[in-house]
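Coordinate analysis (summary)
Listed here are the chains, written in short residue letters.
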Amino acid sequence: QVQLVESGGGLVQPGGSLRLSCAASGDTLDYYAISWFRMAPGKERERVSCISGKDGRSYYADSVKDRFSVSRDNTKNAMYLQMDKLSPEDTARYYCAAEMLGWCDRDANYEYWGQGTQVTVSS
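Regarding the environment of Asp84
Inspection of the secondary structure assignment puts Asp84 in the loop between β8 (78-83) and β9 (92-99). Setting aside residues no more than four positions away along its own chain, Asp84 makes contact with Gly16, Ser17, Arg67 and Phe68. A polar contact is formed between the side chain of Asp84 and the side chain of Ser17, at a distance of 2.8 Å.

Re the pairing of strand β4 (residues 33-39)
Judged by how many residues are buried, β4 sits mostly within the fold: six of seven residues are covered. For β4 and β9, the ladder comprises seven bridges, and the chain directions are antiparallel. The residue of β9 that forms the bridge with Met39 is Arg93. Pairing analysis gives five bridges linking β4 to strand β5 (residues 46-51), with the strands arranged antiparallel. Its bridge partner lying in β5, Phe37 is registered against Arg47.

Regarding the sheet that holds strand β3 (residues 18-25)
Taken in spatial order, the four strands of this open sheet run β1-β3-β8-β7, and their pairing is antiparallel. Each having just a single partner strand, β1 (3-7) and β7 (68-73) make up the two edges of the open sheet. Sheet twist, expressed as the mean angle between neighbouring strand axes with direction ignored, is 15°. Alignment of β7 against β8, held across six bridges, turns out to be antiparallel. Across the sheet, Arg72 pairs through a bridge with Met79, a residue of β8.

Quick look at the side chain of Thr117
Assignment of secondary structure puts Thr117 in strand β11 (residues 117-121). One polar contact links the side chain of Thr117 to the main-chain amide nitrogen of Gly9, over a distance of 3.1 Å. Contacts of Thr117, omitting those with residues within four sequence positions, involve Glu6, Ser7, Gly8, Gly9, Leu20, Ala92, Arg93 and Tyr94.

Looking at the pattern of salt bridges
Opposite charge on two side chains permits them to pair, given that their charged atoms come into close proximity. For the coordinates displayed, the defined rule picks out four salt bridges. For Asp62, the salt bridge is made with Lys65, and the minimal N-O distance between the two is 3.1 Å. What makes Asp62 exposed here is its relative accessible area of 65%.

Thoughts on the packing of aromatic side chains
This model, assessed by the stated rule, comprises five aromatic pairs. Each ring, one from Phe37 and one from Tyr110, has its centre 5.2 Å from the other, and the planes form 85°; the classification is edge-to-face. One end of the pair, Phe37, is in strand β4; the other, Tyr110, is in the loop between β9 and β10 (112-113), with 73 residues separating them in the sequence. By the burial criterion, Phe37 is buried, and Tyr110 matches it. When the ring of Tyr95 is compared with that of Trp113, the centres are 6.5 Å apart and the planes differ by 70°; the resulting orientation is edge-to-face. On the criterion of sequence distance, the pair formed by Tyr95 in strand β9 and Trp113 in strand β10 is long-range, its members being 18 residues apart. Within the aromatic cluster, the residues linked to one another by ring pairs are Phe37, Tyr95, Tyr110 and Trp113.

What counts, and where the lines are drawn
- Residues numbered from 1 in each chain as written.
- Predicted model: local features only at pLDDT ≥ 70, side-chain atom pairs only at ≥ 80, totals over all residues.
- Heavy atoms only, no water.
- Helix = DSSP H or I, 4+ residues; strand = E, 2+ residues; numbered from the N terminus.
- Contact = heavy atoms within 4.5 Å.
- Polar contact = N/O pair within 3.5 Å; in protein donor to acceptor, adjacent residues only side chain to side chain.
- Buried < 20%, exposed > 50% of the residue type's maximum accessible area, 1.4 Å probe, protein only.
- Pairing = 2+ DSSP bridges.
- Axes fitted to C-alpha atoms, helices over the stretch in contact; angles between N-to-C directions.
- Salt bridge = Lys/Arg side-chain N within 4 Å of Asp/Glu carboxyl O.
- Phe/Tyr/Trp six-rings, centres within 6.5 Å; stacked < 30°, edge-to-face > 60°.

In structure tokens:
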């Protein structure tokens, strides 16, 4: 069974940057779609990014376009989310999730989830 573990969250000032990591075990995720979600109290869950395991294309929510960048290192079975120009609106718990069919469909079923890592943007 696939297990995902996020790391890299923390407290950062507005305008700062963080890089989140998602380490996978239990299977090689080269061909999975990998998404990053965030959840904050009082807000709907938001998918902030997805990278396809089929064609390698990346997708971003409008709220993070041009500020966030998703990548993966298949040699390490790991995925990353680079976050720049952070604002308090980005404060949330961030989760990585894997979808074994490999497509970044809006209604995809994500079989595997990590425990999340907290990102707090505050001065």
